[in-house]
Amino acid sequence: MVYFFEGSVWWILGRIFSFLASFLILVVFGRFVPKEIFGAYQYILSMAAIFGIFALPGLDAALIRAVARGAEKTTFLAFKEKIKFGSIASLISLFVAGWYFFHQNFILAISFLIVAVFLPFINAFNLYLAFWQGKKRFDLQNKYFIYHNFLAAFLLILIIFLTENLPLIVFAYFFAFTLAEAMFFKITIKNVSDKGEDRETISFGKHLTLMAIPGSISAQIDNVILWQFAGPIQVAIYVFALRVVERISEIIPFSALALPKLSQREVKKIKKGLFEKFLKLFLISIPSALIYILICPYFFKIFFPAYLASVPYSQILALVLIFSPLSFLATSFLAEMKKRELYILNFSTPSLKIILFFILIPIFGIWGAVFSILISQIFYSFLTLYFFKKI
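Everything numeric in this text was worked out from a predicted model, so none of it was measured.

Thresholds applied
Here the residue index of a chain counts from 1 through its sequence in written order. Where totals are concerned, whole chains, interfaces and linings use all residues; where local detail is concerned, this predicted model gives features only for residues with pLDDT of at least 70, and gives and counts side-chain atom pairs only at 80 or more. Each side-chain value is derived from all of the structure's non-hydrogen atoms; neither hydrogens nor water enter the calculation. Criterion for a salt bridge: a side-chain nitrogen of Lys or Arg within 4 Å of a carboxyl oxygen of Asp or Glu. Helix and strand assignments follow DSSP, with helices taken as H or I runs no shorter than four residues and strands as E runs no shorter than two, numbered in order from the N terminus. Buried means the residue's accessible area, taken with a 1.4 Å probe over protein chains only, is under 20% of the maximum for its type, while exposed means over 50%, and partly exposed covers the values in between. Patch rule: a residue counts if its relative accessible area is over 30% and it has no salt bridge; like charges are joined within 9 Å, and nonpolar side chains (Val, Leu, Ile, Met, Phe, Trp, Tyr) within 5 Å. The Shrake-Rupley method, run with a 1.4 Å probe sphere, supplies the accessible areas, and residue values consider only the shown protein chains as cover. Think of each axis as a best-fit line through the C-alpha atoms, taken over the contacting stretch in the case of a helix, with angles from 0 to 180 degrees between the N-to-C directions. For classification purposes, angles smaller than 35 degrees are called roughly parallel, those larger than 145 roughly antiparallel, those between 65 and 115 roughly perpendicular, and all remaining angles oblique. The hand of a helix crossing depends on one turn: near helix anticlockwise from the far one by less than a right angle means left-handed, and clockwise means right-handed. When checking whether two residues touch, look at their non-hydrogen atoms; a contact exists if any pair is within 4.5 Å. Think of it as three bins: nonpolar holds Ala, Val, Leu, Ile, Met, Phe, Trp, Tyr, Cys and Pro, charged holds Asp, Glu, Lys and Arg, and polar takes everything else, Gly as well. Here, nonpolar core refers to any group of buried Ala, Val, Leu, Ile, Met, Phe, Trp, Tyr and Cys residues whose side-chain atoms link them within 4.5 Å. Pairs of N or O atoms within 3.5 Å make up the polar contacts considered here, provided that, within protein, one atom can donate a hydrogen while the other can accept it, and that residues adjacent in sequence are counted only when both atoms are side-chain atoms.

1. What about the pattern of salt bridges?
Stage number 1. Scanning the entire structure with this criterion turns up seven salt bridges.
Stage number 2. Between Lys84 and Glu81 there is a salt bridge, and its shortest N-O distance comes to 3.3 Å. Highlighted residues: Lys84 and Glu81, both in helix H4 (residues 74-102), separated by three residues, approximately one helical turn.
Stage number 3. For Glu81, the salt bridge identified is with Lys206, shortest N-O distance 3.4 Å. A residue pair is termed long-range when its members are at least 10 positions apart, and Glu81 in helix H4 and Lys206 in helix H9 (residues 200-218) qualify at 125 residues.
Stage number 4. On the basis of relative accessible area, Glu81 is assigned to the buried category, the value being 14%.
Stage number 5. On the basis of relative accessibility, which here comes to 31%, the residue Lys206 falls in the partly exposed class.
Stage number 6. Through salt bridges that share partners, Glu81, Lys84 and Lys206 make up one connected network.

2. A closer look at a nonpolar patch on the surface
Stage number 1. On the surface, Ile355, Ile359, Ile363, Phe364, Trp367, Phe371 and Ile375 cluster together into a nonpolar patch covering about 670 Å² of accessible area.
Stage number 2. Of all elements in the fold, only helix H17 (339-364) and helix H18 (366-389) reach the threshold of two or more residues within the nonpolar patch.
Stage number 3. With four residues, the single largest contributor to the nonpolar patch is H17.
Stage number 4. Along the chain, Trp367 falls in helix H18.

3. A few points about the packing of helix H6 (residues 127-134) against helix H7 (residues 138-162)
Stage number 1. Interaxial distance between H6 and H7 falls to 7 Å at its minimum, and their mutual angle equals 160 degrees. In terms of orientation, H6 and H7 fall into the roughly antiparallel class. In the packing of H6 onto H7, the handedness of the crossing is left-handed. Each of Tyr128, Leu129, Trp132 and Gln133 in H6 lies in contact with H7, whose residues at this interface are Phe138, Leu140, Gln141, Tyr144, Phe145 and His148.
Stage number 2. Here the contact of H6 with H7 is composed, by residue class, of seven nonpolar, three polar and no charged.

4. Some remarks on helix H3 (residues 58-68)
Stage number 1. Counting buried residues in H3 gives ten out of eleven residues, a clear majority hidden from the surface.
Stage number 2. Those residues of H3 not exposed but buried are Gly58, Leu59, Asp60, Ala62, Leu63, Ile64, Arg65, Ala66, Val67 and Ala68.

5. Concerning the nonpolar core
Buried together is how nonpolar side chains tend to be arranged in soluble globular proteins.
Stage number 1. By size, the foremost hydrophobic cluster in this structure holds 82 residues, and its most contacted members are Phe38, Tyr41, Tyr43, Phe112, Val244, Phe300 and Phe304.
Stage number 2. It is helix H11 (residues 232-251) that provides the largest number of residues to this core, a total of eleven residues.
Stage number 3. Ranked by size, the runner-up nonpolar core spans 23 residues in total, among them Leu59, Leu63, Phe125 and Leu140.

6. Some words on the side chain of Arg247
Stage number 1. Structurally, Arg247 is set in helix H11.
Stage number 2. In this structure the side chain of Arg247 is engaged in a polar contact, spanning 3.1 Å, whose partner is the side chain of Ser22.
Stage number 3. Not counting chain neighbours up to four residues away, the residues in contact with Arg247 comprise Phe19 and Ser22.

Below you can see the structure in the form of structure tokens.
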């Protein structure tokens, strides 16, 4: 419990300051950038995130496990693999840019050219967070995470103040976050020892990436579908509704703190204790959701007055916070390398969400996206409980 408490303090501090950095960016976007531009910006970021699947995002979680077991030198292997496979993501972005050039949409074409330049690096440099998490140095991980987010936020906000030009804003985002991550990755690799190189981690990271494909797509495809069926303004309203809830969920460190510790234990032997802790975590998640639902209208009125239309969507989306302790149980599958259970969890739930997005968004617009998220979250919760009981 001491480990969990100390780690929680640093994790929560890191996520609070990250929330503040994201919050400042949202405030500036909400007050100084037209909805049409912000909606287009979010569409581009969502497309970039989907392309980023090829940059092996699963290597991050695999590296945490490797470093926790002493194989620190695996960090260099993981970095090389991310750069190599990230180049595929760049090629896809170049293809999309060419498509927009062909259709004479030069603003989006230039934006996707910028995405292509930065994609391999913004995904690879971010490995420094996985390294420190595996070392259980939550203090350094979150100090660097705070500095990285505020530096990037400062550079992005500066550009937003100066211009409403979409390609420039996209450039500012990717340049700012890539530069900030690169700085702390460089600091981190000086602390990586030569001991331990686990090549199985690369294979496991690729498995995790395959598992994460539906999840990565489902996390972004809602913005793309809304863009196609409802336009950039509806994307902007939806993103403001969802983004605050997502940032609050990141503050709750159930999954991140559990992985390094569980990787060193046999889950079967501590299963009963884990389930008792899981139940206690609802004492945090339920009040968090209820408090947000109550204060949401006042929060938006003060900080995002141009987005009051987002309030009812955001209140319903806050119900997702209640289910956040399920991520704590799901971490046990990763620690035990339960590939079958992980594949089923990571394919079935996001696949259901994607199907629901395609069905409900064209009919109900933003509400279709909201209902899709809630239904898939309930499905994920029941599936996680079922698999945990079978361990």
